[in-house]
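So the chains spell out like this:
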Amino acid sequence: MERRIKTGIFSGSFNPIHTGHLIIANYLCQFGGLDEVWFVVSPQNPMKDQSALIDDRHRVAMVERAIQGCPQLKHCDIELSMPRPSYTIRTLDTLREQYPDRDFHLIIGADNWAGFDRWKEAPRILNEYSLVVYPRQGYPMAKCPESEKNVILSDAPVMELSSTFIRNGVKQGKNMTGFVPAGAYDYMVENRLYL
């Protein structure tokens, strides 16, 4: 029997994508047992404030430019054609149906793990899919006993870089080179995003 491809699903607003996202994704491919990571740009996270969210096409363009030259990192636009708000369980179910040759592993930060019980159909996600939780400063890396079999606590580097930090830096006129992958940063500057 052919080995199934271990695909990490890194879903988020990516408003904008930054180097921390790429470091986590690449770490999980190189050291965390994943064959690839798909960046899924979420059009509407039901648990986040949407007021600072820029247009989907800009966020997709930045993700595509950020991952150029990284063959194990890919962009997946599945959520852009799905009903809104975006619920992770719908995305995972749709991906499983469309790509039966892959085992999907949901990648989330410890900050999201801390509130995971509030996610739509959280028990079913834990029962049917694997979760890879990466560390975030200030959040414990603890497992729930009933979900232990499907939760992997990653020892990925702690990245204290956020999209909010990037947006605030741009608004203040700071040069954010190095915080955002080069192609994505060039796109951001050219399109005068977050000013």
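A quick note: this is a predicted structure, and the numbers were derived from the prediction, not measured.

### A closer look at unusual backbone geometry
Here Asn 15 and Pro 16 are connected by a cis peptide whose omega angle stands at 5°. For Pro 16, the position within the fold is in the loop between strand E1 (5-12) and helix H1 (19-30). Following Arg 84, the chain continues into Pro 85 via a peptide bond in cis, with omega recorded as 5°. Summarising the element assignment, Pro 85 is placed in the loop between strand E3 (73-76) and helix H3 (88-98). Phi at Glu 121 is positive, roughly 55°, even though this residue is not glycine.

### Re the layout of surface pockets
Vacant regions in the atomic arrangement are exposed by a probe of water-molecule size rolled over the atoms. There is about 150 Å³ of room inside the second largest pocket. It is helix H7 (residues 182-190) that provides the largest number of residues to the lining of the second largest pocket, a total of 3 residues. Of the residues contributing to the lining of the second largest pocket, the split by class is 6 nonpolar, 2 polar and 2 charged.

### Remarks on the packing of helix H2 (residues 56-66) against H7
Close contact between H2 and H7 brings their axes to 6 Å; oriented N to C, the two are set at 145°. For H2 against H7, the interelement crossing comes out right-handed. Residue-level contacts link Arg 57, His 58, Ala 61, Met 62, Arg 65 and Ala 66 of H2 to Gly 183, Ala 184, Tyr 187 and Met 188 of H7. Considered class by class, the residues forming the contact of H2 with H7 number 6 nonpolar, 2 polar and 2 charged.

### Section: the sheet that holds E3
The parallel open sheet is built from 6 strands, whose spatial order is E3-E2-E1-E4-E5-E6. Sheet topology places E3 and strand E6 (151-153) at the edges, where each strand pairs with a single neighbour. Neighbour-to-neighbour, the strand axes of this sheet turn through a mean angle of 30°, independent of strand direction. Relative to strand E2 (residues 36-41), E1 runs parallel, the two sharing 6 bridges. Across the sheet, Phe 10 pairs through a bridge with Phe 39, a residue of E2. Where H1 meets the sheet, it contacts E1, E2, E3, strand E4 (102-109) and strand E5 (130-134), and its direction lies at approximately 150° from that of E2.

### Some details on H1
Taking 1.5 Å per residue as the helical rise, H1 with its 12 residues ought to reach 16 Å, and the 16 Å between its terminal C-alpha atoms agrees with that figure. Burial in H1 covers these residues: Gly 20, His 21, Leu 22, Ile 24, Ala 25, Tyr 27, Leu 28 and Cys 29.

### Let's talk about the packing of aromatic side chains
In this structure the tally under the stated criterion is 11 aromatic pairs. With a centroid separation of 5.7 Å and 80° between ring planes, the pair formed by Phe 10 and Phe 14 is classed as edge-to-face. For the pair Phe 10 and Phe 14, one class covers both residues: buried. Centre to centre, the rings of Phe 165 and Phe 179 are 5.2 Å apart; their planes meet at 80°, and the pair counts as edge-to-face. One end of the pair, Phe 165, is in helix H6 (residues 163-171); the other, Phe 179, is in the loop between H6 and H7, with 14 residues separating them in the sequence. The structure contains a cluster of three or more aromatic residues connected by ring pairs, namely Phe 10, Phe 14, Phe 39 and Tyr 134. The lysine or arginine in question, Lys 120, covers the ring of Tyr 87, its NZ or CZ lying 5.0 Å from the ring centre.

Cut-offs used in this document
Residues numbered from 1 in each chain as written. Predicted model: local features only at pLDDT ≥ 70, side-chain atom pairs only at ≥ 80, totals over all residues. Heavy atoms only, no water. Helix = DSSP H or I, 4+ residues; strand = E, 2+ residues; numbered from the N terminus. 1 Å grid on protein atoms, 1.4 Å probe; cavity = no way out; pocket = protein on both sides within 12 Å on 5 of 7 lines; lining within 4 Å. Points joined across faces, edges and corners; volume = space filled by probe spheres on them. Nonpolar A, V, L, I, M, F, W, Y, C, P; charged D, E, K, R; others polar. Axes fitted to C-alpha atoms, helices over the stretch in contact; angles between N-to-C directions. Left-handed = near helix turned anticlockwise from the far one by under 90°. Contact = heavy atoms within 4.5 Å. Pairing = 2+ DSSP bridges. Expected span 1.5 Å × (residues − 1). Buried < 20%, exposed > 50% of the residue type's maximum accessible area, 1.4 Å probe, protein only. Phe/Tyr/Trp six-rings, centres within 6.5 Å; stacked < 30°, edge-to-face > 60°. Lys NZ or Arg CZ within 6 Å of the ring centre and 35° of its normal.

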